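Okay, here's what each chain looks like letter by letter:
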Amino acid sequence: NLGDAVVDGGRPLGMSSTVHSDGSVSADGGSNPASGYSHIIADNLVQALDMAKGCPILKAGGSVEVAEAMEM
């Protein structure tokens, strides 16, 4: 239902590893491992959160993390 707001429909992600500030690496998925991603366009964070409420994973008991992509 997101239509033109979808920039990249995303894909599933494998288990992540974390590089810590001391240079050590842990392959535990981190404190909040992501299982996939989608890139959408929204006017603001409130609109993005509203859009996320339609994600099918929620019907399966999952959750959705929403974050703004920062310019680098």
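Structure: see above.
Definitions and limits used
Residues numbered from 1 in each chain as written. Predicted model: local features only at pLDDT ≥ 70, side-chain atom pairs only at ≥ 80, totals over all residues. Heavy atoms only, no water. Patch = residues over 30% accessible without salt bridge, like charges linked within 9 Å, V, L, I, M, F, W, Y side chains within 5 Å. Areas by Shrake-Rupley, 256 points an atom, 1.4 Å probe, with all protein chains shown as cover. Salt bridge = Lys/Arg side-chain N within 4 Å of Asp/Glu carboxyl O. Helix = DSSP H or I, 4+ residues; strand = E, 2+ residues; numbered from the N terminus. Buried < 20%, exposed > 50% of the residue type's maximum accessible area, 1.4 Å probe, protein only. Contact = heavy atoms within 4.5 Å.

**Q** Is there a simple way to think about a nonpolar patch on the surface in this case?
**A** A cluster of nonpolar side chains, contributed by Ile57, Leu58 and Val64, occupies part of the molecular surface with about 200 Å² of accessible area. Secondary-structure assignment places Ile57 in the segment after helix H1 (45-52). Classification of Ile57 by relative accessible area gives partly exposed; the value is 42%.

**Q** Hey, could you run me through the environment of Ile40 in this one?
**A** If you trace the backbone, Ile40 turns up in strand E4 (residues 36-40). A relative accessible area of 24% places Ile40 in the partly exposed class.

**Q** Can you help me understand the environment of Met51 in this one?
**A** Among the structural elements, Met51 can be located in helix H1. Met51 sits in the buried class, given a relative accessible area of 18%. Considered as a pair, Met51 and Leu2 are 49 residues apart in the sequence and their alpha carbons are 7.4 Å apart. Sequence-distant contacts of Met51, that is, excluding residues within four places in its chain, are made with Leu2, Ala5, Ile40, Ile41 and Ala42.

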